[in-house]
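The lines below spell out each chain.
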Amino acid sequence: MSTSPATFYERVDKAIGNPALQAAVRNATSRMSSGRDAAIAAFPEMDVMRDHARAIRAHTIARLDHYLREFEASVQRRGGHVHWAATSEEAVAIVVDIARQHGVKTVVKGKSMVSEEIELNPGLALAGVEVLETDLGEYIVQLDDDHPSHIVMPIIHKSRHDVARLFRAKLQATDDEVADAPRMAALARRVLRKGFLQADMGISGGNFGVAATGSVCITTNEGNGRMTTSLPRVHVALMGIERIVPTLDDLGVMLQVLGRSATGQKLTVYSNVMSGPRRHDRNGGREGESDGPEHFHVVLVDNGRSAIVGSELAEILYCIRCGACLNSCPVYQQIGGHAYGSIYPGPVGAVLMPALQGLHTWRDLPQASSLCGACREVCPVRIDIPRMLLELRDKTTELGLTPIWVTFGLTVFRQIATRPALFRRAQALASWATRRLATDGWIKSLPGHMARWSKKRDFPAFAPKTFQQLWEGRKR
Amino acid sequence: MTRVKLLVTCLIDTVYPQVGFSTVALLERLGVTVDVPPNQTCCGQPAFNSGSWDDARAMARHLIDVFGDDDVPVVVPSGSCGDMVIHQAPHLLKDDSQYGPRAAALAARTYELTQFIVDVLGVTDVGARSGDRLTYHPACHGLRGLGVARQPLALLERVEGPPRCPLPEAETCCGFGGLFAVKLSEVSGSLLDRKIANIEASGADTLVATDVSCLMHIAGGLHRKGSAVKVKHLAEVLAEGRSQ
Amino acid sequence: MTDSRDNVLAAVARGVRVGSLPPGASLEHPGAPPPLIRPSDREGMIASFTRELEKLMGTVHRVADDAQAQTRVLELLDARGARRVLAWDDEWLRPAGLGQVLRTAGVVTESCWLPQEGADRTARLKALDDVVVGITGAHGALADTGSVVVVSGPGRGRIASLLPPVHVAVIGADQLSPTLAAFLSANPGVADVGSNVVAITGPSRTGDIEGTLVLGVHGPGDLHVIVIG
């Protein structure tokens, strides 16, 4: 990734110039979209369930301070610890501290987008703690020193041949061991199993935190999430502060829309609810729970989220990270996740990144949309992403970050369009100019910034007379 | 006698006046009297979508002044301009004590063309016939912004002539998106390529849509590729009467 | 980081109070989930459970009584040449007496108990790594999704349904709930029962490599649910 082009537009051009990447992304997104569509077609209550899921998320964000306090008290009641991180640096420091406190040398890690966001792995490495990613896709990402390109399916940008090459190079795999996907998965399983059995600490994300019960829920298909949170003696769950739901019943609703929207599953294979550490009897004897982590820590990460609460972008905090908006987005389908250059790509990322980290860094992402609305249509909690992309474009202009040719051009256009007589003269001029440039009614090459239009498509000459002129004539 | 005001849209006004006349002819055939309030310019959508909201507000106010404060329905043969008037202008002007309520009132009496014909007039068979093999692209703003999905399909279904040709991946964006097609020209072009491949695969000789902006984009791509497929606004298809 | 706690909570509280209510939000909790109408009779639930789990490539064995269940467990072990199993303690296994039956048949039943301390814990886990079959009961099962709900507790280790490549869960038909929502509403205190509640919906799977479905990547790839009654 260090070789990745500097600007968003350069990264987009690079992605567009890579047909193998485009084919891989298109196949993956279309497979996931069809899976989603089929699952939803088979679930007649999906629409009411989505409405309810949205109501739960909206209500929770509207009372987030209340539910965060309740969640904290509930986790503590179970004997767990809650840590608060205002920034990514603090979050990393907290996890490093927990590791030190428990004498941790090796960590197994489940999939967590927040851990990517706070750049946890380099922080732990710096502290001398060895981290092993255990989700198959994330493991491959880690081996290749790469980044996930999708929030649910991290390596849709890689082919099985890429993975085979990687396993040969990094794991000295034999030809037989990389002959097909099942054998490569089996090889990874053997390597990772060793890590699971001896790790001192497991780090997971948290799909949801349940305020009433102090539970953290993670959903995984592979089972690495259960291993990570059950085998090592210490479990640390990392969660954004917005990931709370009030009750277990609410969690049930979220799980039903999450699995269907993400992968077309009625439920993810392991819907794993963890409430505190292993429960011992009074003497630490055999009357207590057989297994589970001895220590249970939850790290609540703010890192820009609290500033979104109460803003016109608050709705993005409803997101449950299913990835359906990525799969349905025609832009994401063309360019894949890496072109965004952000932890969270796709439509959700185009709102979330500027919301979390500001438009100065992420001004280009809200432009990466034709505003087609496909993301809003598939969102399990009906987040109006196009509305917020538009809000962000307005903010971009307010901050003086919109290119001058756009703002100046539109201001001139406004001056003309609010003066009908001037507008008519401008129409006549444009008609004359376009007809002069055109051959047989079509312009092959436009001047200035509009040249980018005519790279791929012709532009029509305008009509000799406008509708309104002709209409006036008809009335007379 | 039903009377409506036509919001002709700047693109139809300037580039495709025949679509405006087809819209008028169609409505008149259905017994509707059409007024065209003078001094129409642009609804402000290009400025709105590009983040120049102050400019968009000025244009939206002009539009409100042009269409006045009566209760005559306003009909617009474009899903995206319809979405601008119906959803976005009231949002833009919500803090404007004078124009805010007027924007909301205008939104409440504005209809996309097929919405007006099917839902208000209650007509699906407009007496049209077409010799073309038609395929239909549901333009995004009409489809998802206004939720106008069944109306154009119902109208097309009743057009006499060769059977319709289903369009693969019909509901995927053609890549237009206003200035998006300029700012992210390569991505937009890549989407356009795919849309055109699907149009050609449909076996149709004419692509129909309800937004001339998307049609302009797709037609520009078809022409560049030398394709024989034509494009038509749905109003043009519906205006071709059976007796003609 | 006590300051951070107060700062974060204060910032959230400020957003909540100063901002307008977020879209679609109510200050009142939205209440109970919408009802799902699903079969709730025994045969209907068993049929749905079986159909759903088998779609996911799990196997459902319906047996008439305890004796048949015991026989079926032994058959599954024999077919895999399994002489050791990782099992819940006897008092939690169904049918009652299954643990004794297994041992009488010469099968070693390993306990799920894990030492607290790191090196002992790792040693115990390594010693269990070659066990092929895990045997558990369940707290319930969900007909609508083909899930078994397993709750940890004393004598009910998490690892029995996790470490071995084969998981055999024995449940009674009376344990089926129509849906997840129905299960939660009938078991409101389930999080109090054990530190881990997991709904297992099919064998472990991944599609990470080009979307190719692979079973058993970390958890059990071979899931059998024996339904008694």
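Residues numbered from 1 in each chain as written. Chains lettered and ligands numbered in written order. Predicted model: local features only at pLDDT ≥ 70, side-chain atom pairs only at ≥ 80, totals over all residues. Heavy atoms only, no water.

### As for the overall build of chain B
- The number of helices and strands found in chain B is 13 helices and seven strands.
- Taking 18 Å as the expected radius of gyration for a compact globule of 244 residues, we find that chain B reaches 18 Å, a close match to that expectation.
- Overall, chain B is about 50 × 45 × 25 Å in size when its C-alpha atoms are taken along their principal axes.
- Classification of the 244 residues of chain B by burial places 66% in the buried group.
- The long-range fraction of contacts in chain B, counting pairs at least 24 apart against all pairs at least 6 apart in sequence, stands at 79%.
- Total accessible area computed for chain B in this model is approximately 8000 Å², and 51% of it derives from carbon and sulfur atoms.
- For chain B, the centre of its 22 positive side-chain charges and the centre of its 27 negative side-chain charges are spaced 3 Å apart. (Helix = DSSP H or I, 4+ residues; strand = E, 2+ residues; numbered from the N terminus. Rg over C-alpha atoms; globule rule 2.2 N^0.38 Å. Buried < 20%, exposed > 50% of the residue type's maximum accessible area, 1.4 Å probe, protein only. Contact = heavy atoms within 4.5 Å. Areas by Shrake-Rupley, 256 points an atom, 1.4 Å probe, with all protein chains shown as cover. Lys, Arg positive; Asp, Glu negative; His and termini not counted. Charge placed at Lys NZ, Arg CZ, Asp CG, Glu CD.)

### Describing the pattern of salt bridges
- Tallying each qualifying case throughout the model produces 69 salt bridges over all chains.
- Measuring nitrogen to oxygen at the nearest pair gives 3.2 Å for the salt bridge that ties A:K266 to C:E52. Taken together, the positions of A:K266 in the loop between α12 (248-263) and β9 (270-274) and C:E52 in helix α2 (residues 42-55) put the pair across two chains.
- For A:K266, a relative accessible area of 24% puts it in the partly exposed group. (Salt bridge = Lys/Arg side-chain N within 4 Å of Asp/Glu carboxyl O.)

### Digging into the interface of chain A and chain C
- On the chain C side, the residues contacting the 107 residues of chain A number 94 residues.
- Both faces combined, the contact of chain A with chain C buries some 8100 Å², and carbon together with sulfur accounts for 58% of it.
- The interface formed by chain A and chain C contains nine salt bridges.
- Salt-bridge contacts for C:D129 lead to A:R193; the nearest nitrogen and oxygen are separated by 3.1 Å.
- Connecting chain A to chain C are 56 residue pairs in polar contact (both at pLDDT 80 or more).
- For the side of chain A that touches chain C, the residue count by class is 48 nonpolar, 29 polar and 30 charged.
- Pairing of β9(A) with strand β9 (residues 196-200) of chain C, which is carried by five bridges, proceeds in the antiparallel orientation. For A:N272, the partnering residue across the bridge sits in β9(C) and is C:V198. (Buried area = accessible area lost by both parts, 1.4 Å probe. Polar contact = N/O pair within 3.5 Å; in protein donor to acceptor, adjacent residues only side chain to side chain. Nonpolar A, V, L, I, M, F, W, Y, C, P; charged D, E, K, R; others polar. Pairing = 2+ DSSP bridges.)

### Observations regarding the sheet that holds strand β1 (residues 81-85) of chain A
Residues and elements named next belong to chain A.
- One open sheet holds the six strands; their spatial order is β1-β10-β7-β4-β2-β3, and the pairing between them is parallel. Edge positions in the sheet fall to β1 and β3 (130-133), since each has one partner strand and no second. Mean inter-strand twist for the sheet, computed between neighbouring axes without regard to direction, equals 20°.
- Alignment of strand β2 (residues 106-109) against strand β4 (residues 201-204), held across three bridges, turns out to be parallel. Looking at the pairing, K109 lines up with I203 of β4. (Axes fitted to C-alpha atoms, helices over the stretch in contact; angles between N-to-C directions.)

### Section: the side chain of A:R11
Residues and elements named next belong to chain A.
- Among the structural elements, R11 can be located in helix α1 (residues 8-16).
- The buried charged residue R11 lacks any salt bridge, with D364 as its nearest oppositely charged partner at 6.3 Å.
- Separated by 3.3 Å, the side chain of R11 and the backbone oxygen of Y340 make a polar contact.

### A few points about the domain arrangement of chain B
All names here are of chain B.
- Here chain B is described as being made up of domain 1 (2-120) and domain 2 (134-239).
- Placing the centre of domain 1 and that of domain 2 at their C-alpha centroids yields a distance of 22 Å.
- With 26 residues of domain 1 at the contact, the number on the domain 2 side is 22 residues.
- Together domain 1 and domain 2 conceal approximately 2000 Å² of surface at their shared face, both sides included; 65% is due to carbon and sulfur atoms.
- Run the count over domain 1 and domain 2 and you get one salt bridge.
- We note a salt bridge from R150 to D119, for which the minimum N-O separation is 3.2 Å.
- Put simply, domain 1 and domain 2 have nine residue pairs in polar contact (both at pLDDT 80 or more) between them.
- Breaking the side of domain 1 that touches domain 2 down by element, the ones donating at least two residues are α1 (10-14), α2 (17-29), α5 (79-92) and α7 (113-120).
- Counted by class, the side of domain 1 that touches domain 2 contains 10 nonpolar, 12 polar and four charged residues. (Domains from an automatic or database assignment.)

### Thoughts on the interface of chain A and chain B
- Facing 63 residues of chain A, the contacting portion of chain B comprises 68 residues.
- By the criterion of area lost to chain B, the three top residues of chain A are A:K456, A:R457 and A:F467, representing 13% of everything that side buries.
- Applying the counting rule to chain A against chain B returns six salt bridges.
- A salt bridge links B:R224 to A:D458, with the nearest nitrogen and oxygen atoms 2.6 Å apart.
- Across the contact surface, chain A and chain B share 32 residue pairs in polar contact (both at pLDDT 80 or more).
- For the side of chain A that touches chain B, the element with the highest residue contribution is helix α19 (residues 404-417) of chain A, accounting for eight residues.
- Class assignment of the residues belonging to the side of chain A that touches chain B gives a composition of 30 nonpolar, 16 polar and 17 charged.

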